[in-house]
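Each chain, letter by letter, is given below.
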Amino acid sequence: MGRRTNFSAMSPTERWQAVLARDRRFDGAFVYAVRSTGIYCRPSCASRRPRRTQVTFFPIPEAAEREGFRACRRCHPADAPGADATVALVREAARAIAAGMAPRGEPRRLARAFKRVLGITPRAYAEAHRTARFKQELKRRKHVSPALYEAGYSSTSRVYEHAHEQLGMTPATYARGGAGVGIAYVTVPTSLGRLLVAATERGVCRVALGDDPAVLEAELIAEFPAARVVEDKSGKLTAWVSAILACLDGREPDLELPLDIRATAFQRRVWQELRQIPFGETRTYAEVAQAIGQPKATRAVARACATNPTALVIPCHRVVREGGDLGGYRWGVDRKKALVEREAGPRD
């Protein structure tokens, strides 16, 4: 692995190798968070290494904290010094936003810095932080009104206006951990590992690929522990599973399945564009950004691809870097490579 310590210049594989090696050179370049523990660490942390499927990377500690992760008390990742002045500027501004203060600095310079490090504007970061705070307060307080005011909202109108985009359900339902929401799921073997398909009454809410069905099931219920998550034994998911398997094998080029997924407005625009990419073709992140009318949002497009909850149905594997490099993939680059090659090959 080279001496590249810029987060955006490193692939997920390079970051993971740095974590496995406990390489101190990358302290301050990024942090890794573990979903099963809710804790984030610096790459050199001496703690026991988690499974790769449980790990998410963040360019700065504040981004991990925005998503609800807590700093490791062993390695103190938020104290790791960084050599990049732009990263330091973004971290200072992010801390100000978290404290409810206006970040210091020239607005255009801040905007450029945020775009480079986080792929979004300071305003978008502030809104995302407020939404994350609202979600945390909902889970803690169980009531909408005190949670929205604690998160910095001045009224309920805007919260409910954007509730479906941000939470996928009303704030009250989210506060109850998805109570009352029924989710059926099934896992089946495929040539690319295990496939999990889950759905609500409204449509498919998750399609994931992995090696361990227990991990796939645990990740499904992690977001909404109070939802009624049950294994489908009635066969009601059979048709959807069959269609997805046919797509995976190259026999079904177009998947038109109903979806019930949580997303921001930006994510929805990106995911809708991905569903327009023809079978057997690819687009670059920059081309997708251009197609949705935001040519400078390449990194944000990459993040939207990385958070896609429905593999194959939203074909994020068809998005690659400039020059044809595959880039990252939520369910493993090897699987992405196999999918792209299958789709590009001859069909009957």
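Let me sum up the structure you'll find in this document.

Quick look at the state of the cysteines now. Scanning the entire structure with this criterion turns up 0 disulfides. You can see Cys72 has no disulfide; the closest cysteine sulfur is in Cys75, sitting 3.9 Å from it. Residue classification places Cys72 among the buried residues on the basis of a relative accessible area of 9%. Looking at the unpaired Cys305, the closest cysteine sulfur is the one in Cys316, lying at 5.9 Å.

Okay, the sheet that holds strand S2 (residues 39–41) next. Taken together, the 4 strands give an open sheet; going across it, the order is S3-S1-S2-S4, and neighbouring strands pair in mixed fashion. Looking at strand neighbours, the two that pair on one side only are strand S3 (55–58) and strand S4 (70–71), the edges of this open sheet. Across the sheet, helix H1 (residues 12–20) touches strand S1 (31–34) and S3, and the angle it forms with S3 is around 105°.

Another point: the packing of helix H3 (residues 85–98) against helix H4 (residues 107–117). Working note: a packed helix pair is described by the angle between its axes plus the distance between those axes. Here H3 crosses H4 at 105°, and the two axes come no closer than 9 Å. Relative to H4, the element H3 lies roughly perpendicular. Each of Thr86, Val87, Leu89, Val90, Ala93, Ala94 and Ile97 in H3 lies in contact with H4, whose residues at this interface are Arg109, Leu110, Ala113, Phe114, Arg116 and Val117. Among the residues forming the contact of H3 with H4, the class breakdown is 10 nonpolar, 1 polar and 2 charged.

So, about the nonpolar core. If you look at the biggest cluster of nonpolar residues, it comprises 52 residues, and the most contacted ones within it are Ile244, Phe266, Val270, Trp271, Leu274 and Val301. Among residues more than four places away in sequence, those in contact with Trp271 are Ile261, Arg262, Ala263, Ala304, Cys305, Thr307, Asn308, Pro309 and Ile314.

Another point: helix H15 (residues 333–344). The first and last C-alpha atoms of H15 sit 16 Å apart over 12 residues, in line with the 16 Å expected at 1.5 Å per residue. All of the buried residues in H15 are Arg335, Lys336, Ala338, Leu339, Val340 and Glu343.

Here the focus is the sheet that holds strand S7 (residues 204–210). What the 4 strands build is an open sheet, ordered S7-S6-S5-S8; its pairing is mixed. The open sheet has two edge strands with one neighbour each: S7 and strand S8 (228–231). Looking at each pair of strands side by side, their axes are set apart by 20° on average, direction ignored. Note: strand S5 (residues 182–190) against strand S6 (residues 193–199), 7 bridges, orientation antiparallel. Looking at S6, one finds that Val188 is bridged to Leu195. Contacting S5, S6, S7 and S8, helix H10 (residues 213–222) runs over the sheet at an angle of about 25° to S6.

Our focus in this paragraph is the pattern of salt bridges. Evaluated as defined, the whole model comprises 14 salt bridges. A salt bridge links Asp27 to Arg42, with the shortest nitrogen-to-oxygen separation between them at 3.5 Å. Of the two residues, Asp27 is situated in the loop between H1 and S1 and Arg42 in the loop between S2 and S3; the sequence distance between them amounts to 15 residues. Taking relative accessible area as the criterion, Arg42 reaches 15% and is therefore assigned buried. The partner of Glu341 in a salt bridge is Lys337, with the nearest N and O atoms 2.7 Å apart. Of the two residues, Glu341 and Lys337 are both situated in helix H15; the distance of 4 residues between them amounts to about one turn of the helix. A single salt-bridge network, built from bridges that share partners, covers Arg35, Arg206 and Glu219.

For the coordinates displayed, the defined rule picks out 5 aromatic pairs. Between Phe58 and Phe69 the ring centres are 5.8 Å apart and the planes differ by 55°, which places this aromatic pair in the tilted class. One end of the pair, Phe58, is in strand S3; the other, Phe69, is in the loop between helix H2 (61–66) and S4, and 11 residues separate them in sequence. One exposure class covers both Phe58 and Phe69, and it is buried. Look at Phe114 and Tyr125: their rings are 5.7 Å apart centre to centre, the planes differ by 65°, and that puts the pair in the edge-to-face class. One end of the pair, Phe114, is in helix H4; the other, Tyr125, is in helix H5 (residues 122–141), and 11 residues separate them in sequence. Since its relative accessible area comes to 1%, Tyr125 is described here as buried. Three or more aromatic residues link up through ring pairs in this structure, and these residues are Phe26, Phe30 and Phe57.

Criteria and cut-off values
Residues numbered from 1 in each chain as written. Predicted model: local features only at pLDDT ≥ 70, side-chain atom pairs only at ≥ 80, totals over all residues. Heavy atoms only, no water. Disulfide = S-S within 2.5 Å. Buried < 20%, exposed > 50% of the residue type's maximum accessible area, 1.4 Å probe, protein only. Pairing = 2+ DSSP bridges. Helix = DSSP H or I, 4+ residues; strand = E, 2+ residues; numbered from the N terminus. Contact = heavy atoms within 4.5 Å. Axes fitted to C-alpha atoms, helices over the stretch in contact; angles between N-to-C directions. Parallel < 35°, antiparallel > 145°, perpendicular 65-115°, else oblique. Nonpolar A, V, L, I, M, F, W, Y, C, P; charged D, E, K, R; others polar. Core = buried A, V, L, I, M, F, W, Y, C linked by side-chain atoms within 4.5 Å. Expected span 1.5 Å × (residues − 1). Salt bridge = Lys/Arg side-chain N within 4 Å of Asp/Glu carboxyl O. Phe/Tyr/Trp six-rings, centres within 6.5 Å; stacked < 30°, edge-to-face > 60°.

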